[in-house]
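Report on the structure
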Amino acid sequence: MDAVVTLALSVFTLFGFYALLAVGMGLIFGQLGVVNVAHGELVMVGAFVMFALADVPFLPRLLLAVLIGLVLGVVIERLVLSNLYERGFLATLLAMWGVSIVLREGANAIFGSTPASVRAPIQENIEILGVSYPLYRLIIAVVALAIVAAVLLVTYRTKLGLVVRATVDNRDMASVLGIPPRLVVTGTFAVGAMLAVLAGALQSPLLGVTPMVGAAFLAPAFFAVLLGRAGSLPGAIFGAFVVALLSTVLRTYLNETLAQVVLFALLIVLVAVRPNGIDWRKVQWKPRTQPAQVAA
Amino acid sequence: MRVTSPSRPEPRVATRHWVALSAAAVAIAAAPFVLPSYPLALLTLALAYGLFAFGLDLSWGRAGVVSIGHAAFFGLGAYGVAIAGQNGVPQLLGAVAALVLSAVVALIVGRIGLGPRALASTMAVITLALTLLAEQGARSWLSLTNGSNGIYVPSPGVVTNFYVTGILVFLIVAVIWVVLLRGRFGRRAVAVRFNEHRTEHLGVSPMRTKVTAFVLSALVATAAGAIAAPVMGLVSPATLGIVMSTQVLVWVAVGGKGTIFGVFLGAGVVTIGQQYLGDAIGAWYLLVLGVVFILVVKFAPSGLVGIASGLLRRSVSRAASQGAVIASNGAPDAPKHIPAEGAAAVRVSQVQKSFGPVPIINGVDLTIQRGEVVCLIGPNGAGKTTLLNLIAGDLAPTSGRIEVLGEDVTNWAPHRRAHLGLGRLFQVPSLYPDLTPAQNMAFARAEAFRAVELPAELDRFSAMDDLLASDLSLADQRSLELAMAIAWGPEVVLLDEPAAGLSHEDSLRLASLMRSLNGQLGCTLLVVEHDMDIVRELADRVVVLANGRVLTVGTMDEVVSHDDVRTAYLGAV
Amino acid sequence: METTHAARAGRGMTALRRTSGIIAAVTLTTSLAACAGGAIGGGTEGGDDVFKVGLISPVTGPVVQEATAMQRGFELAIEKINAEGGVLGQPVEVVTVDDQADAAKSTQLAQRLISQDQVDYIFGTIPGDTTAAVAQVAESAKVPFSSAILGNAGVCGQYFFPFGEPNASLLNGLLPQMIADHGTKVALVGNDYAFPRGYFADARTVLEELGATVVLEEYSPMGTADWQPVISKIKAAAPDWVLTAVVGADATALVTQADQAGILDSMGFTGVSLIADFYPGLTDRMHGLTLVGRYSDQLDNEANKEFVDAFREAYDFSDPIPSVAANAYEGMLMIADAVEQAGSTEGADIAKALGEGEVENGVFGGGSFNEDRFFMTETARFEIREGGAYVPVETFPADIEGITPRCA
């Protein structure tokens, strides 16, 4: 019983973190068609912000991280990505790869490579169904999922979300409606980047913070986003759940090395069986693009 | 009646190629006499890495198939040699085993990642998972791979290493270039990359072309790994890993994809440059590398070679074909498929097609005999284009049966249907916009179903080699598409509003051209058309489609006088 | 005709472009050649008696931290040697290169150091695979090579002299004490690479002799950030204590998360994850824990005081000094002595002198290579105290019993 509760809690906490990563990456991928391979490095930036500003109380520090994430997102979008979209997803992928090197080496130059750590604001454990579990982990998972829910709500239930989705579907139409598409594009990327930085900030008290720390988060976020139906935000979140569940269950019941091998093999099989993405309902942002010539 | 293309066909190996090949051979032969041992060793490594990049480029640069985990194949080759050496088996045997394994894995990955249901991202996920899986496997399978410490591969010495590497790389690249890139594969890969859809309707399977490219690319990467093993000296899990996989993407992007010189230059500049840059500015060089990389991606999308060739004027056609030979005497004297005696050109029985709950085609029965010209008319939303798509194979019917030239093609892919002699034109002309009109024609002829003599009016494109098809006017693009489709030698042609956007005179000229094609070549035509003058000029029979059903069939006059047709067009008044 | 002309002109231009590309390549090749001769026919000058050391220091890439510490220790040693008159009457020359912890580069660089720079000795590199790569090259060229971090490198050779701590010296003092303090059920948690596997294999041998049982043995991939599944497994296995070989950022994450899960309070916890390198990220989480090792900046002897003062001053360094720095320092001093003893910079002579050499009053006290080419020194049990003071509380003689020698 204890084992089951611990497993459930572990899946839940990891899901919270991965969902926040996936929603940011999914936003950037679904809306801009950019595979953000610097997502892990943005997480790293968030963790370093929390480390560098250790004298500021925790909550204001989180806000600062959000702010820095937004600014960083705007800068990257404006300096690097703008004008690259038309050249297809590989051009932006390679550009973001360059950005990831710059962020990593920048952090290395500033902070060095000795693992740093961030003190958690809450040290207590909590008893849940007879299992003692770190309270901070649970809280950040809940916070992360709340943010994910908010992003979904804004995207699907508000005028702002409509504008964002409209811009993606038809930039000319959106500009006719009086929405500057550039602003929406930049804003979307900035929010996606900010979510990654925030995820890193929230997670920082659990990590050994080094410039390399981001590398571990790229693959799960990537798999989460691409396992879900392409371009679908709920799909990405569902993908995050699948990855968190598989990874935790495999690592709990198999030994660590075998778990990794089985995880990657399972992901290949999953994609082979359902190349169009696993999704529990048919929410789609963009219809699957038919070749233009076939359109009736 | 073999028809030769008017423009002089390009030889597989032109003079300039002989010059380049011999210069490369001389450079390889001379390098050890000129270079001290360390630069020579770096050059050896760069050559092996260059071959790896060349391998990736075969799929990415040529056929547009991206693999973000290509080091899995490279590492496989390196481990093949290392494991063989460690167990006293000849290294060659290890390399061959690795090549076989690599081909099998690539074939499976390609079939999944490029299959009919796959998305662009599928290949990315699978190849990423593959490289991670391979790296983890190499780390954990201690008895075979010696885990993270890797396997030592003895080196026969710097100079021997260099010559073995240089000769093998030279041979592999030269053979692949002459046999494949300058042959049918190169031509098809370019076509698939530029316009998958058009290529499919010219009878070439895009999936097969792409899977071939991917398997080939994996094989070359594996060979590169096998060659690199003694140069690297130690084969460790990183050889198969994600870092190596991204490295090779960088080499190709920096050098310039789609060019042999570019990929070797990219691998060389990054591998050798990194070392000297590292010596010069120390730990900062990675940061500089990142910035340089962003700048290259942003401002030099076709890499270093792109910058260089941008400075030099090249002929439009040479630049467009990117090293592939488009023309070929491909057309067979006899058609590739002889239909059974008495078979109808197209027979559609009880076909239904719904998108979700919405029925578009609602039980259509239609037979078109060989040699007929049939026009398909109907109000907007009647399902005309959908019906063409169903016949051509771009859509699968929800139920019913479709026959083309006597074969039940209901579940066939478009390229298989094309193999029966089924040609297709689209509402928006589907061409190779990045090739010249002459190259468009040459490709159609190279992949032709049968050889045909083209009317002069259409043949004018065959000599048009100094601009791109995308620079043509819409009317000319339309004619070019028709010219391609006819030059390809179809039995049956499906046309979707060929006269849309043309002036009245031009439309009538087009109609008479189509009639003459029908008369001279015996093509069966099924035409969707709005312009009633053209329909009158063209049609043997007219089929009226409304609300996904055949309303009536008959001559123009019969159809026009039909009450239901008026109602359908004008609405129930 | 127009088109034909254009095409012909274009062909000419393309040929020109290709030709110019080739010329550029040839020019590059020639310029790479610089003033030295080719690999074939290039003469090699005879060696004078300047002692020349090649340092391979992967200061970019994944092991920057260890590499930086090593390079600092090494450079301090060179300064000290040259300040005291050098070797064989001449200052020691150093050629420093960066292999980025990439084995392919290590191979190339080792070859370069030997054939182009004509070094008499190779020092450095960090990971196991690059060490193996360099060791093979050095062995075949009969150039002695030392690593500063791996005691059990899994490599054997006449010319390989590793200055790292042998696993045995880290375990022999530690395991009996932990069993006595906490109990006989042990969990082994490491990263998935060669060192943890070898370290735990040796630990198992000793543990079994001591009558303890291993209840859990896990190797997590490098870069693991979420340790919850491993922590759950530890809790489920309920060991009396945990022996770790998790390194780098993973060590910080593991210790942090284990602390949050209450493991540091409820059971014993020791091992490589507690070494001084990782103290800055963990600080008070480590206070009160103990481990066994060779070096701490708290070791009370003259040589160490001199080293620590020089190190802190030269690099403005206030954290605990990693032992790899001390290994590099002491190692290089010992090598210089051996060359002096041998009176020659020939590889075979240096190797012989090193094998027979002995350090007295070094930063670790005494030290020497045993028959199996382990560098043996006294070791100590350190208690980690406030401010990162690894205070020696008990010392053990150089002892390697019970563990199989590395080269069978």
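It should be noted that the structure appears before, not after, this text.
This structure is a prediction, so every number in the text was calculated from the model and none was measured. (Residues numbered from 1 in each chain as written. Chains lettered and ligands numbered in written order. Predicted model: local features only at pLDDT ≥ 70, side-chain atom pairs only at ≥ 80, totals over all residues. Heavy atoms only, no water.)

Some details on the overall build of chain B
The line we're drawing: Each helix corresponds to a stretch of at least 4 residues labelled H or I by DSSP, and each strand to a stretch of at least 2 residues labelled E; elements are numbered beginning at the N terminus. Here, residues are in contact when the closest pair of their heavy atoms is within 4.5 Å. Per-residue accessibility takes into account occlusion by the displayed protein chains alone, with areas from the Shrake-Rupley method and a 1.4 Å probe. Asp and Glu are treated as the negative residues and Lys and Arg as the positive ones, with His and the ends of the chain left uncounted. Here the site of a charge means NZ on Lys, CZ on Arg, CG on Asp, or CD on Glu.
The secondary structure content of chain B amounts to 24 helices and twelve strands. In terms of overall dimensions, chain B has C-alpha extents of about 90 × 50 × 45 Å along its principal axes. Considering only intrachain contacts with a sequence separation of at least 6, the fraction spanning at least 24 residues in chain B is 78%. Of the accessible surface of chain B, which amounts to about 20900 Å², a share of 61% is contributed by carbon and sulfur atoms. Charged side chains of chain B number 40 positive and 38 negative; the gap between the two group centres comes to 9 Å.

What to know about the overall build of chain C
For clarity, the cut-off: For every residue, the accessible area (1.4 Å probe, protein chains only) is compared with the maximum for its type, and the residue is labelled buried under 20%, exposed over 50%, or partly exposed between those bounds.
If you tally the helices and strands in chain C, you get 14 helices and 14 strands. Expressed as a percentage of its 408 residues, the buried residues of chain C come to 60%. Sequence-distant contacts in chain C: of pairs separated by 6 or more residues, those separated by 24 or more amount to 69%. Entry remark: accessible area of chain C is about 14900 Å², with carbon and sulfur atoms responsible for 50%.

Quick look at helix α14 (residues 347-356) of chain C
Residue and element names in this part refer to chain C. Put simply, the rule reads: What the arc measures is the spread of directions leading from the helix axis to the C-beta atoms.
Within α14, burial applies to Gly347, Ile350, Ala351, Ala353 and Leu354. The buried residues of α14 occupy one face: seen down the axis, they fall within an arc of 165 degrees. Among the exposed residues of α14, those pointing more than 90 degrees away from its buried face are Lys352 and Glu356. Each element contacted by the buried residues of α14 is listed here: β3 (121-124), α13 (323-342) and β11 (365-369).

Concerning the packing of aromatic side chains
Quick reminder of the rule: Each Phe, Tyr or Trp ring, with Trp reduced to its six-membered ring, pairs with another whose centre is within 6.5 Å; inter-plane angles below 30 degrees give stacked pairs, above 60 give edge-to-face pairs, and intermediate values give tilted ones.
Across all of its chains, the model carries 37 aromatic pairs over all chains by this definition. Centre to centre, the rings of tryptophan 97 of chain A and phenylalanine 293 of chain B are 5.3 Å apart; their planes meet at 80 degrees, and the pair counts as edge-to-face. In this pair, tryptophan 97 of chain A is assigned in helix α4 (residues 89-111) and phenylalanine 293 of chain B in helix α13 (residues 285-299), connecting two distinct chains. Between tyrosine 49 of chain B and tryptophan 251 of chain B, the ring centres sit 4.7 Å apart and the planes meet at 25 degrees, which makes this aromatic pair stacked. With tyrosine 49 of chain B in helix α2 (residues 37-62) and tryptophan 251 of chain B in helix α11 (residues 242-255), this pair connects stretches of sequence that are 202 residues apart. Pair check on accessibility: tyrosine 49 of chain B and tryptophan 251 of chain B agree, each one buried. Through pairs of rings, three or more aromatic residues link up here, namely Tyr295, Phe307, Phe311, Tyr315, Phe317, Tyr329 and Phe364 of chain C.

A look at the nonpolar core
We count it as follows: Take the buried Ala, Val, Leu, Ile, Met, Phe, Trp, Tyr and Cys residues and link them wherever side-chain atoms come within 4.5 Å; each set so joined is a nonpolar core.
Within the largest apolar cluster, 182 residues are counted, with the highest numbers of intra-cluster contacts made by Phe223 of chain A together with Phe54 of chain B. With 16 residues, helix α10 (residues 206-232) of chain B is the single largest residue contributor to this core. Counting 108 residues, the second-largest nonpolar core is a separate cluster that includes Met70, Ala101, Trp227 and Leu243 of chain C.

A closer look at the sheet that holds strand β12 (residues 375-377) of chain C
Residues and elements named next belong to chain C. Defined as follows: Strands pair, by our definition, only if DSSP identifies at least two bridges between them. Angles run from 0 to 180 degrees between N-to-C directions of axes, and those axes are lines fitted to C-alpha atoms, restricted for helices to the stretch in contact.
Spatial ordering of the open sheet is given by β10-β11-β12, a layout of three strands whose pairing is antiparallel. In this open sheet, the two strands that pair with only one neighbour each are β10 (358-362) and β12. For this sheet, the mean inter-axis angle between neighbouring strands, taken without regard to orientation, is 20 degrees. Here β11 runs beside β12; their pairing, made up of three bridges, is antiparallel. Paired with glycine 367 across the strands is threonine 377, a residue of β12.

Side note on the environment of phenylalanine 52 of chain B
All names here are of chain B. Mapped onto the elements, phenylalanine 52 comes out in helix α2. Each C-alpha atom of the pair phenylalanine 52 and leucine 219 lies 9.6 Å from the other, and the pair is 167 residues apart in sequence. Apart from residues no more than four positions distant in its own chain, phenylalanine 52 is found in contact with His70, Ala71, Phe74, Ala221, Ala224, Met244, Val248 and Trp251.

Notes on helix α3 (residues 71-86) of chain B
Under the convention used in this document: The span expected for a helix works out to 1.5 Å for each residue beyond the first.
Between its first and last C-alpha, α3 of chain B extends 22 Å over 16 residues, near the 22 Å set by a 1.5 Å rise per residue. Immediately beyond the C-terminal end of α3 of chain B, within one or two residues, lies glycine 88 of chain B, with a positive phi of roughly 70 degrees.

Re a nonpolar patch on the surface
For clarity, the cut-off: Each patch is built from residues that are more than 30% exposed by relative accessible area and take part in no salt bridge. Like charges join if they lie within 9 Å; nonpolar side chains (Val, Leu, Ile, Met, Phe, Trp, Tyr) join within 5 Å. By convention in these notes, a salt bridge is any Lys or Arg side-chain nitrogen within 4 Å of a carboxyl oxygen on Asp or Glu.
Together, Leu92, Val96, Val100, Val104 and Ile108 of chain B give the surface a local cluster of nonpolar side chains, amounting to about 460 Å² of exposed area. Mapped onto the elements of the fold, leucine 92 of chain B is located in helix α4 (residues 91-113).

A word on the pattern of salt bridges
For the coordinates displayed, the defined rule picks out 38 salt bridges over all chains. The partner of glutamate 196 of chain B in a salt bridge is lysine 210 of chain B, with the nearest N and O atoms 3.0 Å apart. Here lysine 210 of chain B lies in helix α10 and glutamate 196 of chain B lies in helix α9 (residues 196-201), a separation of 14 residues in the sequence. Classification of glutamate 196 of chain B as partly exposed rests on a relative accessible area of 36%. Salt-bridge contacts for glutamate 306 of chain C lead to lysine 80 of chain C; the nearest nitrogen and oxygen are separated by 3.2 Å. Of this pair, glutamate 306 of chain C sits in helix α12 (residues 302-315) while lysine 80 of chain C sits in helix α2 (residues 64-83), placing them 226 residues apart in sequence.

Quick notes on the sheet that holds strand β9 (residues 290-293) of chain C
Residue and element names in this part refer to chain C. One open sheet holds the three strands; their spatial order is β9-β13-β14, and the pairing between them is antiparallel. The two strands at the open ends of the sheet, each matched to only one other strand, are β9 and β14 (389-396). Going from strand to strand, the sheet's axes swing by 30 degrees on average, the running direction of each strand aside. Where β9 meets strand β13 (residues 379-385), four bridges bridge the pair, whose relative direction is antiparallel. Counterpart to valine 292 in the pairing with β13 is arginine 381.

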